[in-house]
Amino acid sequence: MRVELFGAPVDRLTMEQAEERVAELVRGGRSCRVITLNPEFLYRAVSAEPLLLELVRRADLVTADGEGIVWAGRVAGTPFPERVTGIDLMLRLVRRAAAEGWRVYLLGSAPGVAGEAAANLQRKYPGLQVAGTHHGYFKPDEEELVVRQVKQAAPQLLFVALGAPRQELWIDRHVDRIGPVVAMGVGGSFDVVAGRVARAPRWMQRMKIEWLGRLIREPSRWRRMLVLPKFAWLVLKTYGFGKRRQRFG
Ligand code: UDP
């Protein structure tokens with residue numbers, strides 16, 4: 001079931017259903033784009049960059065990444081069952097990959113990080129087949145080589161950690177050439193899995209204030225968070241104040 005928020009499609013799925021959907025995409029054997037949509041991305045797409053909105057519209061699966069989107073869904077009268085964040089979905093998919101024998105490729109983050117993340121994942125999910133890893137600090141003229149390496153490794157799942165929206169743009173531009181693969185942007189997830197950056201404590205995750213934990217650890221993010229009140233205002237202006245749109249899906 002899909003709904004639209006400001007013209008961006010978002011799938012109304014639980015984490016488990018999102019995992020199933022990806023499994024279907026893998027079985028389908030074509031190149032697919034998965035976007036975990038957060039408020040920063042959506043606000044940027046809607047307010048300033050229609051190209052990003054186009055990109056979301058092309059995605060095969062778009063999940064509600066974070067409380068901001070879940071809240072917007074509620075205000076719009078199209079509630080989401082739960083949030084499906086990039087890192088959580090990635091971990092579910094890696095577990096599934098180990099069980100199904102899908103090969104995974106980790107592309108992005110500082111040199112060494114993707115390799116460490118892959119090793120940790122293999123320890124946690126024995127039998128996981130890592131098709132390859134590559135850091136995310138390649139120059140524009142090295143891009144072609146990276147695409148060829150990923151293609152040659154022939155993974156079923158490709159996780160790309162270049163930061164948003166660069167990772168989504170990268171996937172959109174190259175995935176069709178890479179071949180049958182489900183590709184998804186995962187932001188700073190490799191840093192967390194490699195143990196370089198700690199995730200907010202569980203109680204913060206449960207209280208849905210993981211963003212606050214992240215802000216405390218990485219104060220430089222405050223600037224990016226200024227967009228959240230703007231997003232909230234846009235949601236209220238568009239869907240709130242008794243203006244609920246019709247239900248979709
Ligand atoms: N990154 C990268 N290449 C770059 C810029 C960033 O591989 O040119 C990596 C960076 O090392 C980090 C991830 O991309 O692992 C971005 O993490 P961030 O938490 O900023 O993700 P966002 O929340 O912006 O999606």
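Since this is a predicted model, take the numbers as computed values, not measurements.

> Describe in detail the site of the ligand, supporting the description with residues and values.
The ligand sits among 16 residues. The nearest are Ser109, Gly136, Arg166, Asp191 and Arg214. Contact between the ligand and Tyr137: an oxygen atom at 3.0 Å from a side-chain N or O atom of the residue. The separation between an oxygen atom of the ligand and a polar main-chain atom of Gly163 is 3.3 Å. Burial of the ligand by the protein chains amounts to 77% of its free accessible area of 540 Å².

> How would you explain the side chain of Gln167 if you had to name every residue and give the values?
On the secondary structure map, Gln167 appears in helix α8 (residues 166–178). Gln167 gets classed as buried once you look at its relative accessible area, which sits at 3%. Ignoring anything within four residues of it in the chain, the contact list for Gln167 reads Val160, Ala161, Leu162, Gly185, Val186 and Gly187.

> An account of empty space enclosed by the protein is requested, with residue identities and associated values reported.
Inspection of every chain in the model, using the stated rule, returns 1 cavity of 30 Å³ or more. Here the largest cavity defines a volume of roughly 40 Å³. Elements with a contribution of two residues or more to the lining of the largest cavity: β3 (32–37) and α8. In terms of residue class, the lining of the largest cavity is made up of 5 nonpolar, no polar and 2 charged.

> Explain the nonpolar core to me, and be specific about the residues and the numbers.
Membership of the largest hydrophobic core comes to 36 residues, with the highest contact counts inside it found for Leu106, Leu157, Phe159 and Phe190. Where this core is concerned, the elements lending two or more residues are α1 (15–28), β3, α5 (86–100), β5 (103–108), α6 (113–124), β7 (157–161), β8 (182–185) and α9 (189–193). Once residues lying within four places of it in the same chain are set aside, the contact partners of Phe190 are Met90, Leu106, Leu107, Gly108, Ser109, Val113, Ala114, Ala117, Phe159 and Ala161.

Reading the values: rules and limits
Residue numbers run consecutively from 1 along every chain, following the written order of its sequence. pLDDT decides what is reported in this predicted model: residues at 70 or higher carry local features, side-chain atom pairs at 80 or more are listed and counted, and totals for whole chains, interfaces and linings draw on all residues regardless. Hydrogens and waters are ignored; side-chain quantities use all the structure's heavy atoms. Think of it this way: one heavy atom of a residue within 4 Å of a molecule or strand is enough to make that residue near it. Polar contact is the term for a pair of N or O atoms within 3.5 Å; when the atoms are in protein, one must be able to donate a hydrogen and the other to accept it, and sequence-neighboring residues count only if both atoms are side-chain atoms. For the accessible areas, the method is Shrake-Rupley and the probe is 1.4 Å, while residue cover comes only from the protein chains on display. Here a strand is any run of E in DSSP of at least two residues, a helix any run of H or I of at least four, and the numbering for each starts at the N terminus. Residue exposure (1.4 Å probe, protein chains only): buried if accessible area is under 20% of the type maximum, exposed if over 50%, otherwise partly exposed. Residue contacts follow a heavy-atom distance rule, with two residues in contact if any of their heavy atoms lie within 4.5 Å. The rule is simple: put a 1 Å grid over the protein atoms alone, call a set of points where a 1.4 Å probe fits but cannot get out a cavity, call an open set with protein on both sides within 12 Å along at least five of seven lines a pocket, and count a residue as lining if it has an atom within 4 Å of a point. Grid points are joined across faces, edges and corners, and a volume is the space filled by probe spheres set on the points. In this classification, Asp, Glu, Lys and Arg are treated as charged, Ala, Val, Leu, Ile, Met, Phe, Trp, Tyr, Cys and Pro as nonpolar, and every other residue, Gly included, as polar. The definition of a nonpolar core used throughout is a set of buried Ala, Val, Leu, Ile, Met, Phe, Trp, Tyr and Cys residues joined through side-chain atoms within 4.5 Å.

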